[in-house]
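Take a look at the letters that make up each chain.
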Amino acid sequence: MNIQFETSPEQLPQRCAQGIRFRYQGAPGLRSVALAGTFNCWAGDVCQFEQVAPGRWECMLPIAAGRHLYKFVVDDTHWIPDPANPWISEDGQNNSCLTVDQHGDVLMRQRGLDADAAGPLYRRHQALASPAWLREAVIYQLSVPAFGGDFDGVRARLDYLEQLGVSVIWMMPIHPIGLQGRRGALGDPYAVADFDAIDPALGDEAALQALVDAIHARGMRVVFDWTLNRSSADHPWTAAHPDWYTRDADGQVYYAVPQREYFAGFDFSKRALRSSLIAAMQRWVGRYGFDGLRFDDSDITPTDFLAEIRTALAALRPDIALISQSYDEFHHLHSCDLTYEGGTREMLRRVACGQADAHAFARYWKESTYSFPRGALRMRWLEDKEQPRASKLLGAGAHRAAAALMLTMDGVPHILMGQEFDEPSWRDWTVLFERYRLDWSAFNPGMHSHYRALLALRRAHPALRQGATTFLEELPPGVIGMLRGSGADAITVLANLSDQLVTLAASPGPVLYADGWDQAHGKLAAHGCVIRAC
């Protein structure tokens, strides 16, 4: 997230004849340094550095075009971001970042990017045109067993989701879970035992079809979560097609990502594997009418395979939407419609706790926007399946202010099941290894009403979905303000992430929604917001 480059450029990753050169300067006495990242499935013992001088280590590695996350593994134990590279990933997992372009050059995100001084990818490339329905969307991610128990239970709660105001339902995996993936009572739902089957605990084909049909009948869309890079370690393919899988030094099928021994990693150099996976996706889209797929861990998937998937599924359904769990600029060029954007969440946290101000927030928005291809559609989130609740990170008050901003910003907002009513029991996706259910008894009606009102506002005003973004200046500390759209349809959004009452300058426009706003005295309460027409 910090992109203020104060280090020597010589210490940053650089292009060389062998690919990309990485350097590490460490204390004398180190035994080893290794490089782990999305380019080698986070294997911490594969790419070893060479010590070229006391305390100085180097390695060279061919790396494909795209965004890559990485860490250094020091003495086989300590996983650390690159001390020389202040560009830290937006996913909240403290990884170092770099982007390699199609010419092999390293593109580090630069400070000061804006519309008049855009980055090279913005200047050179237009992103794929995403489907109109996705550009207008608000995505709600749910686990079928956690949210409703089974398909029929989710269908029974569709009125709730429709009234909340979401337009796309993203279902976490509904495939059978492999026996070797069973941690706790159920196991990891991303440890798929059969890509063509439904977990019988969730219902049968008729129940799934009834759910999809009911979603469509409400004018909503449904996205199917696809585990892309691996199967369960006991998937039948491991026996029938062992050559489709990656292997360790002992020749055993394995998944290179650490602490995922119940997975078996795919070897995408095998054409038959690619064809089989694409055929399975086509069957699901054709049979049930899914509107899109979300790809898990697609930041370690070859981009040419993602492009193959897009070609095959678009031939079946031209308005298909592909969502990539990555922050990769190049996914927007040939394959995916939507990538993750988690930096907004982190910057809101920093503003809320006084570590950053509104100017830093606006600067981050510009630098992230103008470093991507033009028109790239990003998914903004306060909660993600790998992260705890927003109220735990921000506090319930700052969560309300952050939600007001996230739901009025450009891009596509994402809501994790229960986020909208401050459900307290979610920890991260590992709760799904057990017989987890959302705690509906802890329903916070105030937070729910806040989300519902903001979503209704977004739905009613095209400027909040499609309009340009201009950040306001000269605001009190802790207040973020932006103008969405232009002219008579423009809307002003002001949110106070601080814990102090602030005074705002008078504005003539009518108030569309407010939380903690004293109109008579121009006072905005701690963690309050005011949204008005211009």
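Participant: Report on the overall build of the protein chain, specifying residues and quantitative values.
Facilitator: The helix and strand inventory of the protein chain stands at 16 helices and 26 strands. Over its C-alpha atoms the protein chain spans a radius of gyration of 23 Å, differing by no more than 12% from the 24 Å that the globule rule assigns to 534 residues. Referenced to the eigenvectors of the C-alpha coordinate spread, the extents of the protein chain come out at roughly 75 × 60 × 40 Å. Counting the 534 residues in the protein chain, one finds 58% classified as buried. Considering only contacts within the protein chain whose residues lie at least 6 apart along the sequence, 69% involve residues at least 24 apart. For the protein chain, the computed accessible surface area is about 20400 Å², with 51% contributed by carbon and sulfur atoms. Positive and negative side-chain charges of the protein chain, numbering 51 and 63 respectively, have mean locations separated by a distance of 3 Å.

Participant: Got a sec to walk through the packing of aromatic side chains? Specific residues and values, please.
Facilitator: All chains considered together, the criterion is met by 33 aromatic pairs. Ring plane angle 75 degrees and centroid distance 5.9 Å describe the contact between phenylalanine 224 and tryptophan 226, whose orientation is recorded as edge-to-face. Accessibility expressed as a relative area gives 0% for phenylalanine 224, which makes it buried. The structure contains a cluster of three or more aromatic residues connected by ring pairs, namely Phe195, Phe224, Trp226, Trp237, Trp244, Tyr245, Phe266, Phe268, Trp284, Tyr288, Phe290 and Phe305. Above the ring of tyrosine 190, the side-chain terminus of lysine 385 is found at 4.5 Å from the ring centroid.

Participant: Give me the pairing of strand β9 (residues 96-100): which residues, what numbers.
Facilitator: As a general feature of sheets, a regular strand has side chains that alternate between the two faces. Extensive coverage of β9 is indicated by the burial of 5 of its 5 residues. Looking at chain direction, strand β7 (residues 66-74) and β9 are connected through 5 bridges and run antiparallel. Residue pairing in the sheet places leucine 69 in a bridge with cysteine 97 of β9. Pairing of β9 with strand β10 (residues 106-107), which is carried by 2 bridges, proceeds in the antiparallel orientation.

Participant: Describe the side chain of arginine 484, naming the residues involved and giving the relevant values.
Facilitator: Structurally, arginine 484 is set in strand β22 (residues 479-484). Aspartate 410 provides the closest opposite charge to the buried, salt-bridge-free arginine 484, at an N-O distance of 5.4 Å. Engagement of the side chain of arginine 484 in a polar contact is seen with the backbone oxygen of threonine 408, the distance being 2.6 Å. Reaching out from arginine 484, the side chain makes a polar contact with the backbone oxygen of methionine 409 at a distance of 3.2 Å.

Participant: How would you explain the environment of valine 223 if you had to name every residue and give the values?
Facilitator: Summarising the element assignment, valine 223 is placed in strand β13 (residues 221-227). The contacts of valine 223, once residues within four sequence positions are left out, are Trp133, Val168, Ile169, Trp170, Met171, Gly292, Leu293, Arg294 and Ile323.

Participant: Outline the sheet that holds strand β5 (residues 50-53), supporting the account with residue identities and numerical values.
Facilitator: Overall, antiparallel pairing links the 4 strands, which are arranged β1-β2-β6-β5 in an open sheet. In this open sheet, the two edge strands, each paired with only one partner strand, are β1 (14-16) and β5. Strand-to-strand twist in this sheet, taken as the mean axis angle between neighbours without regard to direction, amounts to 40 degrees. By the bridge criterion, 3 bridges tie β5 to strand β6 (residues 56-61) in an arrangement that is antiparallel.

Participant: Explain the sheet that holds strand β19 (residues 378-381) to me, using residue names and the numbers behind them.
Facilitator: Here we have 8 strands rolled up into a closed barrel, ordered β11-β12-β13-β16-β17-β18-β19-β20, and parallel in their pairing. Here the strands of the sheet are splayed against their neighbours by 30 degrees on average, with no regard to which way each runs. Relative to β19, strand β18 (residues 338-341) runs parallel, the two being bridged by 3 bridges. In the sheet register, glutamate 341 faces β19, and the bridge partner there is arginine 380. Those strands touched by helix α6 (residues 205-217) are β12 (168-171) and β13, and its axis lies near 135 degrees from that of β13.

Participant: Quick one: what's the story with the pairing of strand β17 (residues 321-324), residue by residue and with numbers?
Facilitator: Burial of the side chains of β17 extends over both faces: Ala321 and Ile323 are buried on one face and Leu322 and Ser324 on the other. Pairing of strand β16 (residues 292-296) with β17, which is carried by 4 bridges, proceeds in the parallel orientation. Looking at the pairing, glycine 292 lines up with alanine 321 of β17. In this structure, β17 lies alongside β18, joined through 2 bridges in parallel fashion. Each bridged residue has a counterpart across the sheet, and for isoleucine 323 the counterpart in β18 is leucine 338.

Participant: Could you give me a rundown of the layout of surface pockets, with the residues and numbers involved?
Facilitator: A volume near 780 Å³ is recorded for the largest pocket. Taken together, 29 residues make up the lining of the largest pocket; nearest its centre are Trp42, Gln93, Val257, Arg260 and Glu386. Taken together, the residues that form the lining of the largest pocket break down as 13 nonpolar, 5 polar and 11 charged.

Participant: Explain empty space enclosed by the protein residue by residue, including any values.
Facilitator: In this approach a probe as big as a water molecule rolls over the atoms, and the regions it shows empty are the leftover space. Considering all chains together, one arrives at 1 cavity of 30 Å³ or more under this definition. A volume near 40 Å³ is recorded for the largest cavity.

How each quantity is defined
Residues numbered from 1 in each chain as written. Predicted model: local features only at pLDDT ≥ 70, side-chain atom pairs only at ≥ 80, totals over all residues. Heavy atoms only, no water. Helix = DSSP H or I, 4+ residues; strand = E, 2+ residues; numbered from the N terminus. Rg over C-alpha atoms; globule rule 2.2 N^0.38 Å. Buried < 20%, exposed > 50% of the residue type's maximum accessible area, 1.4 Å probe, protein only. Contact = heavy atoms within 4.5 Å. Areas by Shrake-Rupley, 256 points an atom, 1.4 Å probe, with all protein chains shown as cover. Lys, Arg positive; Asp, Glu negative; His and termini not counted. Charge placed at Lys NZ, Arg CZ, Asp CG, Glu CD. Phe/Tyr/Trp six-rings, centres within 6.5 Å; stacked < 30°, edge-to-face > 60°. Lys NZ or Arg CZ within 6 Å of the ring centre and 35° of its normal. Pairing = 2+ DSSP bridges. Salt bridge = Lys/Arg side-chain N within 4 Å of Asp/Glu carboxyl O. Polar contact = N/O pair within 3.5 Å; in protein donor to acceptor, adjacent residues only side chain to side chain. Axes fitted to C-alpha atoms, helices over the stretch in contact; angles between N-to-C directions. 1 Å grid on protein atoms, 1.4 Å probe; cavity = no way out; pocket = protein on both sides within 12 Å on 5 of 7 lines; lining within 4 Å. Points joined across faces, edges and corners; volume = space filled by probe spheres on them. Nonpolar A, V, L, I, M, F, W, Y, C, P; charged D, E, K, R; others polar.

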